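Analysis of the macromolecular model
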Amino acid sequence: MTQLKLKQRLGDLLVGEKIISEAQLGLALKEQRSSGGKLGSTLITLGFITEEQLLSFLSQQLNIPFLDISALNIPQQTVLKLPEVHARRHRALVVKSEDNNLTVALSDPADLYAVEAISNLLSLYQLDFAIVRESQLLPAYDRLYRRTKDIEAFAGQLEDEHRPTQEFDIFRDVDDASNEATVVKFLNSVFEDAVQIGASDIHIEPDEKALRIRLRVDGVLQENILNEVAIVPALVLRLKLMASLDISEKRLPQDGRFNLNVRNQSIDVRVSTMPVQYGESVVMRLLNQDAGVFQLENTGMPIELIKRLRSLIRRPHGMVLVTGPTGSGKTTTLYAALSELNEPGKKIITVEDPVEYRLPRISQVQVNPKIGLDFAHILRTCLRQDPDILLVGEMRDKETAEIGLRGALTGHMVLSTLHTNDAITCALRLMDMGAPGYLIGAALRAVVAQRLVRKLCGQCKSTHELASSEQYCLEKIAKEPLGNAHFYRSVGCQSCNYTGYRGRIGVFELLELNDAMCDALRRDAPDEFAIEARKTKYYRPLVLSALDFAKQGLTSIEEVLKLADELTLDDRSSDDNASQDEYNTEHMITSEVLTSETLGANIAGNIRELDKVDRGDIEKILRLAEVVRALDSSGQ
Ligand SMILES: [Zn+2]
């Protein structure tokens, strides 16, 4: 075993090597005595030394390697040699296992107590040590100590308890209390795993021979298949009890909710059950109540745009809409705007379905159509409650839209959302719903359209040379040369679960209504409205904001092209991606009214397809040629 012991005290060594001065050491020791921290971290906090310097120094002195574990591919069975609780307590991680040898990375190898504890815990092995940044350890714990193994083990145990004695009957009642504990453990592991990797939804889907558990992370589902399909009824039963649903009703869909404390976070769980061919499928949306304050700065919105939005929502009256499909981050933006307005001097009422996050000082009303409490009904009452600001979860119908617009005209600031593709179609959608143009023109102040694009994983992204076809489409989209921008592409590594992406960032367009636009609405002239809107100085389409992120290396050009494709589909308000490709292809040939923007994006889609498939596919090339010809004749 490597002997981990410094020849002298750390402070003396650092002074001896002239990395810090005597005076700095004196100050740090004094600070350390009062704050009780370690000398190393105190020196870093005081700015006398960087973490990098300290760790390199320790690595030299102790003659152990300084590892960048983000670049390592560490198998889970290696990590599990040291249980999570000890790993976290001692800031240690087993990074390599070979025969009887383990390499343990430590963030503070000068901590003799930790070294001794680890040595005792792993006394059966020969140990080598290495040094690693603490900032790399914490995310590594979350990633590597996932609960997949526990989940599988509990599933196995549960299935043993549920093994059918005679005929296999999936609808069999499960009321045996003995397996309750295992069910709870199983579900706890699933919830812990989901929270650990930042999942937004958990899908439990029974199949004929398998149970699929899928977690949605950054908008994409990740699948885990278990063979223990017999445990499904017990799981569903337990979840239904937790969500106060009717456990005898198995043929109709049900909705409910419950609260859960996972890893010291309060999670609000929305449960939806649905009967499917092989039992009941359960989808749970996880809303983290401790997600922190909502801030416009955290949404990805450029600072210029934030400033303009702030001045808009601080006006005494008018309507501001946030638009985009489901899952585009509208609610977060709306809450962030609302949080800024949440002051003791202002009365704020929200009408929501469902109430997603609880905010202090705000009256939040839950829509409940079962007892006749619909949006319109609540809205009328709300206006009599003298609010300064009113948030309406969604403009769903003519009645809601009209009451909202009238409220905005009579001294209230009204915030709401609408399902449309971009900001310009938003006003037109209100007209389609039957709201009179003069009312929209008088009340609507601005529309924010929003989408989320996936952020490239910083650990594994690599530079990307644009193919000439890609360059062509991007320049068509940008309507200008790209210059010498550098692009990156997704690769996939351990820290991003091999997806190449981590987290998402919002792209926005803000359309402020000017006199000419309001005038067009008052005259019920939607085409003129669109023309005026495109002319406004600040208007910058969503796809260009996405392209900006790609130029900054934050996202990939795939994400930009995907967004461009989506935006060409008028009125596609769901986020169902399954049939999208088919729909795109159909749409491309049949649509007679392609605008110049949609043409550019459709070419993008076509070229991308061409890059993927056999280049001899003449039909597709012909179709592409056709689009290019159309584009040229439209004067682009
Ligand atoms: Zn990665």
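Scroll up for the structure.
Residues numbered from 1 in each chain as written. Predicted model: local features only at pLDDT ≥ 70, side-chain atom pairs only at ≥ 80, totals over all residues. Heavy atoms only, no water.

What follows deals with the nonpolar core. L444, L474 and F529 are the most contacted members of the largest nonpolar core, which has 66 residues in total. Ignoring sequence-local partners within four residues, the contact set of L474 consists of L466, L482, F487, L547, I557, V560 and L561. Grouped together as the second largest cluster of nonpolar side chains are 44 residues, L58, L62, I69 and L137 included. (Core = buried A, V, L, I, M, F, W, Y, C linked by side-chain atoms within 4.5 Å. Buried < 20%, exposed > 50% of the residue type's maximum accessible area, 1.4 Å probe, protein only. Contact = heavy atoms within 4.5 Å.)

Following both chains from N to C, one finds helix α14 (residues 375-384) and helix α15 (residues 398-409) inclined at 15°, their axes separated by 9 Å at the closest point. One finds that α14 runs roughly parallel with respect to α15. Here α14 runs over α15; the crossing is left-handed. Residue-level inspection shows F375, A376, L379, R380 and L383 of α14 in contact with α15, the latter providing E399, T400, I403, G404 and G407. Class assignment for the residues of the contact of α14 with α15 results in five nonpolar, three polar and two charged. (Axes fitted to C-alpha atoms, helices over the stretch in contact; angles between N-to-C directions. Helix = DSSP H or I, 4+ residues; strand = E, 2+ residues; numbered from the N terminus. Parallel < 35°, antiparallel > 145°, perpendicular 65-115°, else oblique. Left-handed = near helix turned anticlockwise from the far one by under 90°. Nonpolar A, V, L, I, M, F, W, Y, C, P; charged D, E, K, R; others polar.)

Moving on: the side chain of T273. Here T273 is to be found in strand β9 (residues 265-276). Excluding anything up to four places from it in sequence, T273 contacts K240, L245, L252, P253, Q254, E280, S281 and V282.

It is worth spelling out the side chain of E249 at this point. Tracing the chain through its elements places E249 in the loop between α11 (232-242) and β8 (254-262). Buried charged residue E249 carries no salt bridge. Nearest counter-charge: R251, at 4.2 Å. Within the structure, the side chain of E249 is placed 2.8 Å from the backbone nitrogen of R251, a separation counted as a polar contact. Those residues in contact with E249 that sit more than four places away from it in its chain are K240, Q254 and E280. (Lys, Arg positive; Asp, Glu negative; His and termini not counted. Salt bridge = Lys/Arg side-chain N within 4 Å of Asp/Glu carboxyl O. Polar contact = N/O pair within 3.5 Å; in protein donor to acceptor, adjacent residues only side chain to side chain.)

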